[in-house]
Amino acid sequence: SDKFSSIARVDLQSLFSRRKIKEIVELNLSAVQNKSEMKSLDWQVEGEENVFIKPSKRNKIKDEEYIIELAPMEIRTFQLEFHD
């Protein structure tokens, strides 16, 4: 079915509706480095000269908009800070 191969949008604030999100930061999968500080690598396609593929850029999370996008089979890691 097409619905299982499309991008899913998840509203993190609605998942944590009893608490107000103060800040959200995307981390790498091992949760030890801020994703914005990571350097992207170019991947050369085997068998093709001078063809490089860059990893896709994911959506940025804007203040007060805590909706993230997940592609099929994608895993993303976030650190959330809540208001007291």
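Okay, so let's go over this structure. The structure presented is a predicted model; accordingly, all values stated were derived computationally and were not measured. (Residues numbered from 1 in each chain as written. Predicted model: local features only at pLDDT ≥ 70, side-chain atom pairs only at ≥ 80, totals over all residues. Heavy atoms only, no water.)

Observations regarding the overall build of the chain
Inclusion rule: What counts as a helix is a DSSP run of H or I of at least four residues, what counts as a strand is a run of E of at least two, and both are numbered from the N terminus. By definition in these notes, contact holds between two residues if any of their heavy atoms fall within 4.5 Å.
Scanning the chain for helices and strands turns up 1 helix and 6 strands. In the chain, the share of contacts with a sequence separation of at least 24, taken over all contacts with a separation of at least 6, comes to 59%.

A look at the nonpolar core
Short version of the rule: Joining through side-chain atoms within 4.5 Å is the link that ties buried Ala, Val, Leu, Ile, Met, Phe, Trp, Tyr and Cys residues into a set, and such a set is a nonpolar core. Between buried and exposed lies partly exposed: a residue is buried under 20% and exposed over 50% of the maximum accessible area for its type, with that area taken using a 1.4 Å probe on protein chains only.
Counting 6 residues, the largest nonpolar core is built from L12, I21, I24, Y66, I68 and F78. Not counting the four nearest positions on each side in its chain, I21 is found in contact with L12, Q13, Y66, L80, E81, F82 and H83.

Details of the side chain of E69
Condition: We call two N or O atoms a polar contact when they sit within 3.5 Å, provided that within protein one can donate a hydrogen and the other can accept it, with sequence-adjacent residues counted only if both atoms are side-chain atoms.
Tracing the backbone shows E69 in strand β5 (residues 67-70). Take E69: its relative accessible area is 18%, and that puts it in the buried class. At 3.3 Å, the side chain of E69 forms a polar contact with the side chain of R9.

A closer look at unusual backbone geometry
For M73, which is not glycine, the phi torsion reads 65 degrees and is therefore positive. Within the secondary structure, M73 sits in the loop between β5 and β6 (77-82).

A closer look at the pattern of salt bridges
Stated formally: Whenever Lys or Arg places a side-chain nitrogen within 4 Å of a carboxyl oxygen from Asp or Glu, that contact is recorded as a salt bridge.
For the structure on display, the rule yields 3 salt bridges. When the shortest N-O distance is used, the salt bridge between E81 and K22 registers 3.7 Å. In this pair, E81 sits in strand β6 while K22 sits in strand β2 (residues 21-27), placing the two residues 59 residues apart along the sequence. Classification of E81 as partly exposed rests on a relative accessible area of 37%. In this structure, E26 engages R76 in a salt bridge whose closest nitrogen and oxygen atoms are separated by 2.7 Å. Remark: R76 occurs in the loop between β5 and β6 and E26 occurs in strand β2; sequence separation between them is 50 residues. Considered together, E26 and R76 belong to a single accessibility category, that of buried residues.

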